[in-house]
Amino acid sequence: MNPGKQRNYFLDNYKALLIVLVLIGHFIEPCYTNNPFLNVLKWVIFSFHMPAFIFISGYFSKKDMSIEKLIQKLAVPYFVFELLYYLLYVLVIHKDTGLYFNRPKFSLWYLMALFFWRIATPYIRKIPGNLFIAFTAGILIGFSHLGNFFSIPRTLFFYPFFLAGYYFRDEWLETARRNGAKLFAGLAAAVGILLTGLALSGIRLSPFVFYGRYAYDETGADGWAGVLIRLMCYAISFLALFAICSLIPGKKHFFSVLGVRTMPIYLFHGLVYSVLKATPLLRNVDGPLETALLLGFCILLSFALATELPYRFVTWISQLPVNFPKPPANLSVPRLKRKRMQQNLLRMK
């Protein structure tokens, strides 16, 4: 799993699965309560798909990147798509909104969070016990009501997954793949403990508990109950993202391209979703046939957004030149004169 080695199709295939689940998870949002299958599918997807995505992002962030490069790769696409969402909302679906950049629209929170993670991690890694601190921050933020402001709740909630991926080593992956059965057993046990606790306490939760955006009292569990549930969510997500490793093929397949081109799929699908959400179409998905058609549509849309045109557009905006002004060359002249004066004084002594 070393980025310096030849292409690892295992990671491409894993990301391909995750990006398809991202689309499905979003497109079933308006209708997941309409039938038990979609309800269970919603819980399953959100229990691990973003944690796994962020974990892989952390793995590929081991190499430090300059601030100019981070702005080019993450901030510029963020601002471009914030503008595109704004124009879509106002001109096409006539949704009441504003052009503000401190509250990411739809799935753009991930770009903002990734930007902050990439900037902060080179400094945070120098702090002893930084992973414990990250978990603590992810738990404590559940008491706040910051909402979507600079995506702070999500940034802190998901940061342990990014940091764990950052520290991840190649040989640990093979260990996870060999012990898939044990990991699935642990996952089943964790889910059983959580469900038993909820049944005994009478607490009713929604999938929002895995979103990271909402405060404890907004997910159905307040106070220390929310803390315990969030700890269980962390355990379930980590067990799930490693257990799934045993099911992912390691060779190149026709769907591997989805894992190579996750960014255009991720950025563009929200525009399609926003248009469909403004209609009754998604809300009315109920029966088996409609459910199957919706899932098939999500898969086809993933492949459509991985084609050349979306890919080239995202590549183009991610390569727009970003250069900070450099100090004028003549500023170095006084320093040179001072150095020569110091050398002359030393000679005189």
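What you are looking at is a predicted structure, and each value in this text was computed from that prediction instead of being measured.

Thoughts on unusual backbone geometry
Alright, step 1. A positive phi angle, close to 55 degrees, is found at His94, a residue other than glycine.
Alright, step 2. Along the chain, the position of His94 falls in the loop between helix H3 (67-92) and helix H4 (109-124).
Alright, step 3. For His94, a relative accessible area of 64% gives the class exposed.
Alright, step 4. If you check the backbone angles, Phe150 has positive phi at about 50 degrees while not being a glycine.
Alright, step 5. Inspection of the secondary structure puts Phe150 in the loop between helix H5 (130-140) and helix H6 (152-167).
Alright, step 6. Classification of Phe150 by relative accessible area gives partly exposed; the value is 33%.

Here's the deal with the packing of aromatic side chains
Alright, step 1. Considering all chains together, one arrives at 43 aromatic pairs under this definition.
Alright, step 2. A centroid spacing of 5.7 Å and a plane angle of 75 degrees characterise the contact between Phe27 and Phe297, whose relative ring orientation is edge-to-face. Taken together, the residues span a long stretch of sequence, with Phe27 in helix H1 (residues 9-27) and Phe297 in helix H12 (residues 288-305) at a distance of 270 residues.
Alright, step 3. Residue class for Phe27 comes out buried when judged on its relative accessible area of 0%.
Alright, step 4. Relative to Phe168, the ring of Phe55 has its centre 5.1 Å away and its plane inclined at 75 degrees; by these criteria the two rings are edge-to-face.

Regarding the environment of Leu173
Alright, step 1. In this fold, Leu173 is placed in helix H7 (residues 170-178).
Alright, step 2. Here Leu173 falls in the buried class, since its relative accessible area comes to 4%.
Alright, step 3. With 37 residues separating them in the primary sequence, Leu173 and Thr136 have C-alpha atoms 26 Å apart.

Points about the UniProt feature "domain: Acyltransferase" (unreviewed entry) in the protein chain
Alright, step 1. Here the UniProt-annotated "domain: Acyltransferase" (unreviewed entry) positions come out as residues 8-306.
Alright, step 2. For residues 8-306, the end-to-end C-alpha separation is 19 Å, with 68% helix and 0% strand making up the annotated structure.

Quick notes on helix H2 (residues 36-59)
Because an α-helix packs 3.6 residues into every turn, residues spaced three or four apart end up facing the same way.
Alright, step 1. In this model H2 runs 35 Å from its N-terminal to its C-terminal C-alpha over 24 residues, within 8% of the 34 Å that 1.5 Å per residue would give.
Alright, step 2. Burial analysis of H2 places 18 of its 24 residues in the buried class, the great majority of the element.
Alright, step 3. The distance from a side-chain oxygen at the start of H2 to the backbone nitrogen of Phe37 is 3.1 Å, and the residue carrying that oxygen is Asn35.

Quick look at empty space enclosed by the protein
Over the atoms a probe the size of a water molecule is rolled, and this reveals where empty space is left.
Alright, step 1. Scanning all chains against the criterion turns up 2 cavities of 30 Å³ or more.
Alright, step 2. The computed volume of the largest cavity comes to approximately 80 Å³.
Alright, step 3. Lining the largest cavity are 12 residues, with Tyr14, Phe55, Ile56, Leu241 and Cys245 positioned closest to its centre.
Alright, step 4. Looking at the lining of the largest cavity, the elements with two or more residues in it are H1, H2 and helix H9 (223-243).
Alright, step 5. The class makeup of the residues in the lining of the largest cavity is 12 nonpolar, no polar and no charged.
Alright, step 6. Lining the second largest cavity are Ser61, Lys63, Asp64, Met65, Leu70, Trp117, Arg118, Thr121, Pro122, Phe162 and Tyr166.
Alright, step 7. Elements that contribute at least two residues to the lining of the second largest cavity include exactly H4 and H6.

What to know about the pattern of salt bridges
Alright, step 1. Enumeration according to the criterion identifies 6 salt bridges in this entry.
Alright, step 2. In the salt-bridge network here, residues are joined through shared partners; they are Arg261, Glu308 and Arg312.

What to know about the side chain of Arg230
Alright, step 1. Inspection of the secondary structure puts Arg230 in helix H9.
Alright, step 2. For the buried Arg230, no salt bridge exists, and the shortest N-O distance to an oppositely charged side chain is 8.4 Å, to Glu218.
Alright, step 3. Reaching out from Arg230, the side chain makes a polar contact with the backbone oxygen of Gly138 at a distance of 2.7 Å.
Alright, step 4. Non-local contacts of Arg230, meaning those with residues more than four positions away in its chain, are made with Gly138, Ile139, Ile141, Gly142, Phe157, Gly212, Tyr214 and Tyr216.

Quick word on the layout of surface pockets
Alright, step 1. One number sums up the size of the second largest pocket: a volume of about 730 Å³.
Alright, step 2. If you trace the second largest pocket, you find 30 residues lining it, with Phe106, Ser107, Arg154, Arg213 and Lys277 closest to the centre.
Alright, step 3. Those elements that provide at least two residues to the lining of the second largest pocket are H2, H6 and helix H11 (262-277).
Alright, step 4. Top element by residues in the lining of the second largest pocket is H11. It accounts for 4 residues.
Alright, step 5. A per-class count over the lining of the second largest pocket returns 16 nonpolar, 6 polar and 8 charged.

So, how was this worked out
Residues numbered from 1 in each chain as written. Predicted model: local features only at pLDDT ≥ 70, side-chain atom pairs only at ≥ 80, totals over all residues. Heavy atoms only, no water. Helix = DSSP H or I, 4+ residues; strand = E, 2+ residues; numbered from the N terminus. Buried < 20%, exposed > 50% of the residue type's maximum accessible area, 1.4 Å probe, protein only. Phe/Tyr/Trp six-rings, centres within 6.5 Å; stacked < 30°, edge-to-face > 60°. UniProt positions renumbered as here; feature names shortened; annotations may be inferred. Expected span 1.5 Å × (residues − 1). Polar contact = N/O pair within 3.5 Å; in protein donor to acceptor, adjacent residues only side chain to side chain. 1 Å grid on protein atoms, 1.4 Å probe; cavity = no way out; pocket = protein on both sides within 12 Å on 5 of 7 lines; lining within 4 Å. Points joined across faces, edges and corners; volume = space filled by probe spheres on them. Nonpolar A, V, L, I, M, F, W, Y, C, P; charged D, E, K, R; others polar. Salt bridge = Lys/Arg side-chain N within 4 Å of Asp/Glu carboxyl O. Lys, Arg positive; Asp, Glu negative; His and termini not counted. Contact = heavy atoms within 4.5 Å.

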